[in-house]
Amino acid sequence: MVSVLNSFGANHSKLAEITISGQVTDATTQEALVGSTVVIKGTSQGTTTDVNGNYTIVVPDQNAVLVFEFVGYDKLEIVVGTQTRIDVAMKSSALELSQVLVVGYGSTTKKDMTGSAKSIKNDDFNRGIINSPEQLLQGKVAGVNVTSATGEPGGRQSITIRGPGGVRTGSTPLFVLDGLALDNSGTGGNTNPLTFLNPQDIESIDVLKDASATAIYGSRGANGVVLITTKKGKSGFSGMTYTGSLGISNLANPIDLFTADEFRQEVPKVGGVLEDLGANTDWQKEISRTAITRNHNLSLSGGANKLTYYGSFGLQQQEGILKGNDLNLYTGRLNISQKFLDDRLQVDVNLNATSTLNERPPIGGMIGSALSANPTYPAYDAATGLPFRYASGTNPLITLGLEKDITTVNRVIGSITPSLTLAKGLVYKLNFGIDNATSTRDLQSLASAVPQQDGRLETITTLNRNRLIENYITYTFNNDIHGLTALAGHSYQKIFLQGRNSSINKFPISPIEPIYNPGLGQELTLANNRPGGYALINELQSFFGRVNYQFKDKYLLTATVRADGSSKFGENNKYGIFPSVSAGWRIIEESFMQGGIFSDLKLRAGWGQTGNQEIPSKITQPLFTSTVSGTTSYPLADTGPFPAGTTFTRLANPDIQWEVSNQIDIGLDFALFNGALSGTIDYFNKVSNNILLEVIPADPVQPASSIWTNVENMEITNQGVELELNYRKRFANGFKFEVGGNVTFIDNIVENSPYTVIPSGAAQGSGLTSATINGYVNGQPIGTFFLREFTGFDDKGLSTYRDTDGDGVVSDKDRISAGSALPTRMYNFNTVFTFKGFDLRANFNGVAGNMIYDNTANTNFYKLRLSKGINTTREATLFPNESVNNAAPVSTRYLKDGAFLRLNNLSLNYTFNTEALGISKYVKGLNLSVTGQNLWLSTKYDGYDPEVNNDRSISGISSYGIDYLSYPRAKSVIFGLNVTF
């Protein structure tokens, strides 16, 4: 009888259950809100909406209450009652002012932020062939300049937030991945260290720009901070998503060389002897190809009760547009979150594993040969079908077959972050993470009879290990009037870098490549193959704290302090203290603002200090050397060799201290017409002083030729204005458009340098090896081109230059400041058009006010080379009165305008209605897309691309804006498929 009653009760309970379905949309735009949560109040049972905003959930009875939530929207609670379908239109919470921004060691909302920061969600990322997170951001954030320094797959990106602020700091900000501060050191080869991160795994990227926002990271935040948050699972939801794409890329802008027919005419005109083999070869076309990129990603996510998970597997196979260039990237990620002890303890585990295989041809040599090769020579021998071998010059296809550069990088990043609620509002958090990267790079030259060369193999191994442990406590208190969040913590980070290299020469001509059997090498001497290596340990210990206070939700105050101790500094100044303070006034909350056209208005102001420790490791410590020489040795016996004498080569320097940047920021956030028009205006001023610099010692007894010190009076200033605007509108027929953009005006200046010029930017090419191109000049911006001013030609057709000091002799003393590589204006704008299932997005970006030094033209495109039967562009014959014997030294002749406007990204997407197709039971979302990258470019620059920055630093001093045989940029079309099950 009891079992019968129990059975009846169970069946009766099931009969009482109600299945509810519906759609969640934006109340203003009627757009589907994808990924909004629907939870039964008082339980952990819930679900999320699919790509069409639809959901289905089973509730226990009519008394159940459904809670609808979505980031940036007001929460809704609805009693089920007798309803079986509940459609919900959610209202945006004051222009998404509740949008969550990740900041150092926590998060805040957009309306409560007092510093200058911007959050970009994954829906707004740039699309297409993406190798690193910087590319996702390009053009999206005011004050942030992302430069693709090379068109090579996986190549390094240059990113600057509000301009570079030091001589050696470069411009790279601190990247923080799920709370783990990454080291910006390379991981081997020429691959961008951030290539390991699969863009499909990224949920959001938050950019902290001013010191009041970055000071919580102290010395690491001098160049800004980029916080990357990866995707997590959601409770009550389980799904699998496949994303695949096929990309087709070609050389976007080949350099306009003389064709074979033009070459036949031009060489005799300049008095050269034409060697014509009758071919019509486009050498740039011969070394390039139509490149294919395949991308496959599979992700699984979901959760139930107290456990959520996200896992992904990615494969990217990318061909470079130069032959012999391939990048294969394999990624895996697992993010797990588990709650214990009645939800008082939460443990988050993040694990990312990546293997990168990068094969590179001899890029500089190939491009240089292709630009200069005689176009009347055939590329291939008609008889053998092999690359044609000719006496004068080098066929770049032969070089391609003989040289190889292969780098394998394996990188594992893992972190565990438990957080324990000790009492109401009091949470303790531990963050422990390890980033371990190992790489092997093989540089191989095959033995060859014609052209004659000995085989060689050089192997370079690199280890980069980064360990971080942090402990911090957060206290939160809120009532109707006051809001307080206080944070205090400790951080310790240890970075170990190690590299080794070995080589062997004289391999026989054999079908076996040296990379597969180094033992075939026949020469292993210390003279030519001495093994080498290095090892460094850098440690950083920090204590930090922050207080956020709100009064009546309209007066905001944030105060931060961080004390950093670095092993790079001497005992007297190991620690630096970096404070900041910022305040905000939510004017919109004042009574006099009610009923106006503004829907949001907030004034912000902040000041803060950040530090710089980018100096070589160990330079504060003494250095000894043991040598046998006339000044260090003496005999200890009547016969036998002299013993080595030990002497100082560097004295201890315990007084060197932190370089410090002071920054102020004043900002205004606003929105009008119910949020249709929104924007931000910021003024910033950043002054770096106590500059770390390598100088000639004042003490003549000093054993070293140079020493490191702080130059007290030297200052580098970046100041400017940023403006962001966004307008969106929806029409009755469902058509919606959004137009947004940002512009940055920025000035940079170097003052009180102890030198007339600190040189950087070493020139390359025959006859230019000792020349420098740009540097740090008093009263001028960083990256200033310091050159002799080209004024034309004399009556002999030889170049003339301005004699600035009037002494009758043109020398290096006559160099002038001829412009900077840093842009003074950066602008970006984007548009989104949506109608029914179609979505069209375009993103433009551009810069102005900057110059580029065309080192490629300086080395290759002048009349003397053309007269020797070497191909050039029309630049070589631009001046009829130029002598064929005229040399081409470094000068303003090859300094060019670097301004450009680019259609960086154009994407058309169509989202299918899976319900209408009758497949919604199995397929929750289906999307097809086509994306174009670098489809259009407007510029005066006649090189491959104006977005270029070859690293030509001298003694670690950063260079900017130099183009030398840079890897060409591609124009790509990508077809994509996204399916959610």
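Fair warning: this is a prediction, and the values are worked out from it, not measured in the lab.

Reading the values: rules and limits
As a convention, each chain's residues are numbered from 1 in the sequence order in which they are written. Local features in a predicted model are, by the rule used here, given only for residues with pLDDT of at least 70; side-chain atom pairs are given and counted only at 80 or more, and totals for whole chains, interfaces and linings are based on all residues. Note: side-chain values were computed over all heavy atoms of the structure, leaving out hydrogens and water. The rule is simple: take the accessible area with a 1.4 Å probe, protein chains only, and divide by the maximum for that residue type; under 20% is buried, over 50% is exposed, in between is partly exposed. Put simply, DSSP H or I for four residues or longer makes a helix, DSSP E for two residues or longer makes a strand, and each gets a number counted from the N terminus. Note on contacts: a residue pair is in contact if any heavy atoms of the two residues lie within 4.5 Å. Nitrogen and oxygen atoms within 3.5 Å of one another constitute a polar contact, given that in protein one can donate a hydrogen and the other can accept it, and given that sequence-neighbouring residues count only through two side-chain atoms. Only one rule defines a salt bridge in this text: a Lys or Arg side-chain nitrogen within 4 Å of an Asp or Glu carboxyl oxygen. Grid points spaced at 1 Å over the protein atoms alone were grouped into cavities, where a 1.4 Å probe fits but cannot get out, and pockets, open sets with protein on both sides within 12 Å along at least five of seven lines, with lining residues defined by an atom within 4 Å of a point. Grid points are joined across faces, edges and corners, and a volume is the space filled by probe spheres set on the points. Amino acid classes used here: Ala, Val, Leu, Ile, Met, Phe, Trp, Tyr, Cys and Pro are nonpolar; Asp, Glu, Lys and Arg are charged; the rest, including Gly, are polar. Pairing between strands is defined by DSSP: at least two bridges between the two strands are required. Note on geometry: axes are C-alpha line fits, over the in-contact stretch for helices, and angles between N-to-C directions span 0 to 180 degrees. The rule is short: rings of Phe, Tyr and Trp, with Trp giving its six-membered ring, pair when the centres are within 6.5 Å, and they are stacked under 30 degrees, edge-to-face over 60, tilted in between. Cation placement over rings: the criterion is NZ of Lys or CZ of Arg within 6 Å of the ring centroid and within 35° of the ring normal. pLDDT is a per-residue confidence score from the predictor, ranging from 0 to 100. Take the buried Ala, Val, Leu, Ile, Met, Phe, Trp, Tyr and Cys residues and link them wherever side-chain atoms come within 4.5 Å; each set so joined is a nonpolar core.

Asker: Would you explain helix H6 (residues 363-372) in this entry?
Answerer: Along an α-helix, residues three or four positions apart point the same way, because every turn accommodates 3.6 residues. Of all 10 residues making up H6, 8 are buried, and the element is well covered by its neighbours. Along H6, the residues that are buried comprise Ile-363, Met-366, Ile-367, Gly-368, Ser-369, Ala-370, Leu-371 and Ser-372. On its buried face, H6 sits against helix H5 (283-287), strand S21 (345-360), helix H7 (396-402), helix H9 (855-860) and helix H10 (863-867).

Asker: Looking at this model, I keep getting lost on the side chain of Arg-562. Mind explaining?
Answerer: Among the structural elements, Arg-562 can be located in strand S27 (residues 555-566). Given the relative accessible area of 4%, Arg-562 is considered buried. Within the structure, the side chain of Arg-562 is placed 3.1 Å from the side chain of Tyr-105, a separation counted as a polar contact. In this structure the side chain of Arg-562 is engaged in a polar contact, spanning 2.7 Å, whose partner is the backbone oxygen of Ile-216. Once residues lying within four places of it in the same chain are set aside, the contact partners of Arg-562 are Tyr-105, Ala-215, Ile-216, Tyr-217, Gly-218, Ser-491, Ser-542, Phe-543, Phe-544, Gly-576, Ile-577 and Phe-578.

Asker: What should I look at first to understand the pattern of salt bridges in this one?
Answerer: Between side chains of opposite charge, a pair can form as their charged atoms come close. In total, this model carries 42 salt bridges according to the counting rule given. In this structure, Glu-875 and Lys-896 form a salt bridge, with 3.1 Å as the shortest nitrogen-oxygen distance. Of this pair, Glu-875 sits in the loop between H10 and strand S45 (895-897) while Lys-896 sits in strand S45, and the two are 21 residues apart along the sequence. Through salt bridges with shared partners, a single ionic network connects Arg-162, Lys-209, Lys-602, Arg-604, Asp-665, Asp-669, Asp-682 and Glu-722.

Asker: When you look at empty space enclosed by the protein in this model, what are you seeing that I'm missing?
Answerer: Following the criterion strictly, the structure yields 11 cavities of 30 Å³ or more and no others. Roughly 380 Å³ of internal volume is contained in the largest cavity. Along the wall of the largest cavity there are 28 residues; nearest its centre are Ile-129, Gln-135, Gly-151, Gln-933 and Arg-969. Secondary-structure elements contributing two or more residues to the lining of the largest cavity are strand S19 (307-319), strand S46 (900-911), strand S47 (925-939) and strand S49 (970-980). Looking at the lining of the largest cavity residue by residue, the class counts come to 6 nonpolar, 18 polar and 4 charged. Of the voids in this model, the second largest cavity is the one considered here, and its volume is about 100 Å³. Around the second largest cavity sit 18 residues that line it, and Val-144, Asn-145, Val-146, Met-826 and Asn-828 are the ones nearest its centre. Elements supplying a minimum of two residues to the lining of the second largest cavity: strand S11 (144-148), strand S35 (736-751), strand S42 (825-835) and strand S43 (838-848).

Asker: Any chance you could explain the sheet that holds strand S6 (residues 76-79) here in plain terms?
Answerer: The pairing of strands in a sheet happens through backbone hydrogen bonds and is either parallel or antiparallel. Strand order in the open sheet formed by 4 strands is S3-S2-S5-S6, and the pairing between neighbours is antiparallel. Two strands close off the open sheet at either side, each with one partner strand: strand S3 (46-48) and S6. Each adjacent strand pair in this sheet contributes to an overall mean axis angle of 20°, direction not counted.

Asker: Whenever I open this one, helix H4 (residues 260-269) confuses me. Can you help?
Answerer: Of the positions making up H4, those classed as buried are Ala-260, Phe-263, Arg-264, Glu-266 and Val-267. The inward-facing, buried residues of H4 contact H10. The first or second residue beyond H4 is Gly-271, which carries a positive phi of 85°.

Asker: Looking at this structure, how should I read the packing of aromatic side chains?
Answerer: Remark: the centre distance and the inter-plane angle together describe each pair of aromatic rings, the angle taken between the planes. Taken as a whole, this structure holds 19 aromatic pairs when the rule is applied. When the ring of Tyr-377 is compared with that of Tyr-390, the centres are 4.4 Å apart and the planes differ by 50°; the resulting orientation is tilted. With Tyr-377 in the loop between H6 and H7 and Tyr-390 in the loop between H6 and H7, the pair connects residues that are 13 residues apart, well separated along the chain. For Tyr-377, a relative accessible area of 3% puts it in the buried group. Seen from their ring centres, Phe-735 and Phe-833 are 6.3 Å apart, and the 20° between their planes marks the pair as stacked. Taken together, the positions of Phe-735 in the loop between strand S34 (707-730) and S35 and Phe-833 in strand S42 put the pair 98 residues apart, joining distant regions of the chain. For Phe-833, a relative accessible area of 32% gives the class partly exposed. Feature note: the residues Tyr-105, Tyr-217, Tyr-472 and Phe-544 constitute an aromatic cluster, connected by ring pairs. Sitting above the plane of the Phe-196 ring, Arg-411 keeps its charged end 4.2 Å from the centroid. Above the plane of the ring of Phe-900 lies Arg-902, whose end atom (NZ or CZ) is 5.1 Å from the centre.

Asker: Would you mind going over the side chain of Ser-688 with me for this structure?
Answerer: By secondary structure assignment, the location of Ser-688 is in strand S33 (residues 677-695). Judged by relative accessible area, Ser-688 falls into the buried class, the value being 0%. Looking at Ser-688, its side chain comes within polar contact range of the side chain of Ser-661, at 2.7 Å. Once you skip the residues sitting within four places of it in the chain, Ser-688 turns out to touch Gly-165, Glu-659, Val-660, Ser-661, Met-714, Glu-715 and Ile-716.

Asker: Help me understand the confidence of the model for the chain, please; the structure alone is not making it clear to me.
Answerer: Low pLDDT marks regions whose predicted coordinates should not be analysed in detail. This prediction gives the chain a mean pLDDT of 88; 96% of its residues lie at or above 70. Between residues 1-14, whose pLDDT stays under 50, and residues either more than four places distant or in other chains, the model counts 0 contacts.

Asker: How should the sheet that holds strand S10 (residues 117-121) be read in this particular structure?
Answerer: Ordered by their spatial adjacency, 5 strands build an open sheet running S10-S15-S16-S13-S14, and the pairing between neighbours is mixed. Only two strands of the sheet have a single partner each, and these edge strands are S10 and strand S14 (180-181).

Asker: Help me out: how do you make sense of the environment of Ala-211 in this one?
Answerer: Structurally, Ala-211 is set in helix H3 (residues 211-214). With relative accessibility at 0%, the residue Ala-211 sits in the buried group. For the pair Ala-211 and Gln-609, spaced 398 residues apart in the sequence, the C-alpha separation amounts to 6.0 Å. Once you skip the residues sitting within four places of it in the chain, Ala-211 turns out to touch Ser-580, Gly-608, Gln-609, Thr-610 and Gln-663.

Asker: Even after reading the chapter, I still don't get the nonpolar core, so can you show me in this structure?
Answerer: In terms of nonpolar packing, the biggest core is built from 57 residues, with Val-167, Leu-371, Met-714, Ile-773, Tyr-776, Tyr-853 and Val-890 touching the most fellow members. Put simply, the parts of the chain that give this core at least two residues each are H5, H6, H7, S33, S34, strand S37 (772-777), strand S38 (784-787) and strand S41 (816-820). Among the elements that make up this core, the one with the highest residue count is H6 (5 residues). Excluding residues that lie within four positions of it along the chain, Tyr-853 makes contacts with Ile-773, Phe-785, Leu-787, Asn-858, Pro-889, Val-890, Ser-891, Tyr-894, Leu-895, Gly-961, Ile-962 and Asp-963.

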